[in-house]
Structure formats: structure tokens, C-alpha cells
Amino acid sequence: MNQNDSVTLVQDYKATPYKNAVLDDKNLQNALKSINSKFGDFCTRVAGEAWGLPLIDQKTKALITIAVDVVNQDQTGNGSPFEAHVTMAMQQGATREEIEELLLFMCVYAGFNKAAGCFGILNDILGPSA
């Protein structure tokens, strides 16, 4: 998938929040299984259970995953979860502006260079910010 494909996918994407962002998203499960079938099944079971916990809403959990990606610098390379987490957050109703604000917030706690890389990849995913 090239940058134009990613931009088109995200731009055509309509938020339809799931009750469980992992267990209800068959596209995500298939993407995980395409990495490795056992890995995909394992991630679906374990993450699905965590995403099923009731006290934190799905949108907040999706934004937290992006924050973890910033800290771990997991936004580039094969198997990178960053694009999937951006898509997941938007699926749960997060806006680009909320994701950008999260990245600004993460500058303070994770470092400016880590957040800068995520802004660059976010632009690759969603297209340049207005």
C-alpha cells in the first residue's frame, strides 16, 4: 500500500464505533492474521479481552494506543501499529484534531523528536494538515 492508498482509505473512512474495537473489527483481525495466523489469533483474544473492559470507553483506549506508539516509536516499519491505531481511533470517533492535540501533549512527556516523527507519519496517513 502506498501513501495515496492510505490517504484515500482514511479519507473515505466513516466512523462507525464498535462496542469492542478489536473483537468487532473483522478487517483488523484479518490484518493481524495476515502478519501471522497464530499472532493474529493471539492478539485478537488478548487485546479483545482488554478492549472489553468496561470503565474506559473505546475512543479513549484508541487514543491511549497512539500515545503508547509515540513512546515506543512504533509508527514506522513493517507491522507498525501506528496506522492501525490512527484508523482505530478515527473509527471510534476521534478527529484528526484530537490526534494532533494528543501528539502535542506527548511532546511534553515523550519528547519532541518522538512526536515529530508521529506527526510526519500522520501526514503520510491522512495527507498534509490544513
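See above for the structure.
Computed from a prediction, not measured in an experiment: that's the story for all the values here. (Residues numbered from 1 in each chain as written. Predicted model: local features only at pLDDT ≥ 70, side-chain atom pairs only at ≥ 80, totals over all residues. Heavy atoms only, no water.)

Chemist: Help me get a handle on the overall build of the protein chain, residues and values and all.
Modeler: Helix and strand counts for the protein chain stand at seven helices and zero strands. Going from N to C terminus, the protein chain has its helices and strands arranged as α-α-α-α-α-α-α. Residue burial in the protein chain is summarised as follows: out of 130 residues, 38% are buried. In the protein chain, 64% of the contacts between residues at least 6 apart in sequence involve partners at least 24 apart. (Helix = DSSP H or I, 4+ residues; strand = E, 2+ residues; numbered from the N terminus. Buried < 20%, exposed > 50% of the residue type's maximum accessible area, 1.4 Å probe, protein only. Contact = heavy atoms within 4.5 Å.)

Chemist: Quick rundown of the nonpolar core? Include the residues and the values.
Modeler: If you look at the biggest cluster of nonpolar residues, it comprises 27 residues, and the most contacted ones within it are Ile66, Phe82, Val86 and Ile99. Contributions of two or more residues to this core are made by α2 (26–35), α3 (37–51), α4 (58–72), α5 (82–91), α6 (96–110) and α7 (112–126). (Core = buried A, V, L, I, M, F, W, Y, C linked by side-chain atoms within 4.5 Å.)

Chemist: Could you give me a rundown of α3, with the residues and numbers involved?
Modeler: Helix length check: α3, at 15 residues, gives a terminal C-alpha distance of 20 Å against a target of 21 Å (1.5 Å per residue), a fit within 8%. Considered for burial, the residues of α3 that qualify are Gly40, Cys43, Thr44, Gly48 and Trp51. Around the axis of α3, the buried residues are gathered within 115° of arc, so they sit on the same side. Counted as exposed and oriented over 90 degrees from the buried face of α3: Lys38, Arg45 and Glu49. (Expected span 1.5 Å × (residues − 1). Arc of directions from axis to C-beta.)

Chemist: Run through a nonpolar patch on the surface, naming residues and quoting values.
Modeler: Taken together, the side chains of Leu55, Ile56, Ile64 and Val68 present a nonpolar region at the surface, about 400 Å² in accessible area. You can see isoleucine 56 is positioned in the loop between α3 and α4. (Patch = residues over 30% accessible without salt bridge, like charges linked within 9 Å, V, L, I, M, F, W, Y side chains within 5 Å. Areas by Shrake-Rupley, 256 points an atom, 1.4 Å probe, with all protein chains shown as cover. Salt bridge = Lys/Arg side-chain N within 4 Å of Asp/Glu carboxyl O.)

Chemist: Would you mind going over α7 in detail, with residue names and values included?
Modeler: Counted at 1.5 Å a residue, the expected span for α7 with its 15 residues is 21 Å, and the 21 Å between its end C-alpha atoms agrees. Three or more residues of α7 are buried, namely Ala115, Cys118, Ile121, Leu122, Ile125 and Leu126. The arc that holds every buried residue of α7, seen down its axis, measures 120°, which confines them to one face. Exposed residues on α7 whose side chains face more than 90 degrees from its buried face are Phe112 and Asn113. Just past α7, the residue glycine 127 takes up positive phi, approximately 90°.

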